[in-house]
Amino acid sequence: MSDLDILEFLNGHSLNDFEAPPTAIAVNMGLAEGTVWNRVRVVKAAGLIDRTDDDRGYYRITDLGKRYLAGELTDDEREQLEAFDPADI
């Protein structure tokens, strides 16, 4: 499982603003919930997903995340993501 898998899951639905909590992501991808929670925290800190509902903990892919998947990042965005260090969160 990679962070890319989470992005593809959130992006791979017909709804434009598909949202899901980490628990649903874990169940649908056959992964341990704790693993998904940890990765969601990192992917969110990188700006590739946003938390959309503080009460229920739903997340959705950001425009940056969609451009990342499509390989359409600007040079600045690419550099920022390459410099991102998950240890800093």
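Everything below is about the structure shown above.
A few points on the structure.

So, how was this worked out
Residues numbered from 1 in each chain as written. Predicted model: local features only at pLDDT ≥ 70, side-chain atom pairs only at ≥ 80, totals over all residues. Heavy atoms only, no water. Salt bridge = Lys/Arg side-chain N within 4 Å of Asp/Glu carboxyl O. Helix = DSSP H or I, 4+ residues; strand = E, 2+ residues; numbered from the N terminus. Buried < 20%, exposed > 50% of the residue type's maximum accessible area, 1.4 Å probe, protein only. Core = buried A, V, L, I, M, F, W, Y, C linked by side-chain atoms within 4.5 Å. Contact = heavy atoms within 4.5 Å. Pairing = 2+ DSSP bridges.

Concerning the pattern of salt bridges
No. 1: Applying the stated criterion across every chain, the model contains six salt bridges.
No. 2: Its salt-bridge partner being arginine 39, residue aspartate 3 comes within 2.7 Å of it at the nearest N-O pair. Placement of aspartate 3 in helix α1 (residues 3–11) and of arginine 39 in helix α3 (residues 33–45) is noted, with a sequence separation of 36 residues between them.
No. 3: Since its relative accessible area comes to 23%, aspartate 3 is described here as partly exposed.
No. 4: For arginine 39, a relative accessible area of 28% gives the class partly exposed.
No. 5: One salt bridge in this structure joins glutamate 19 and arginine 60, with 3.0 Å as the shortest N-O distance. On the criterion of sequence distance, the pair formed by glutamate 19 in the loop between α1 and α2 (22–29) and arginine 60 in strand β2 (residues 58–61) is long-range, its members being 41 residues apart.

Observations regarding the nonpolar core
No. 1: Counting residues in each nonpolar core, the largest one holds 19 residues, and the members touching the most others are Leu10, Ile25, Leu48 and Ile49.
No. 2: Of all the elements in the fold, those that place two or more residues in this core are α1, α2, α3 and β2.
No. 3: Counting residues per element, this core draws most heavily on α1, at four residues.
No. 4: Ignoring any residue separated from it by four or fewer positions in sequence, one finds isoleucine 49 in contact with Leu7, Leu10, Val40, Val43, Lys44, Tyr59, Arg60, Ile61 and Thr62.

Digging into the pairing of strand β1 (residues 49–53)
No. 1: Relative to β2, β1 runs antiparallel, the two sharing four bridges. The residue of β2 that forms the bridge with isoleucine 49 is isoleucine 61.
No. 2: Hairpin connection from β1 to β2: four residues lie between these consecutive antiparallel strands, with glycine 57 at a positive phi of about 70°.

Interpretation note: all reported values are geometric properties and have no functional meaning in isolation.
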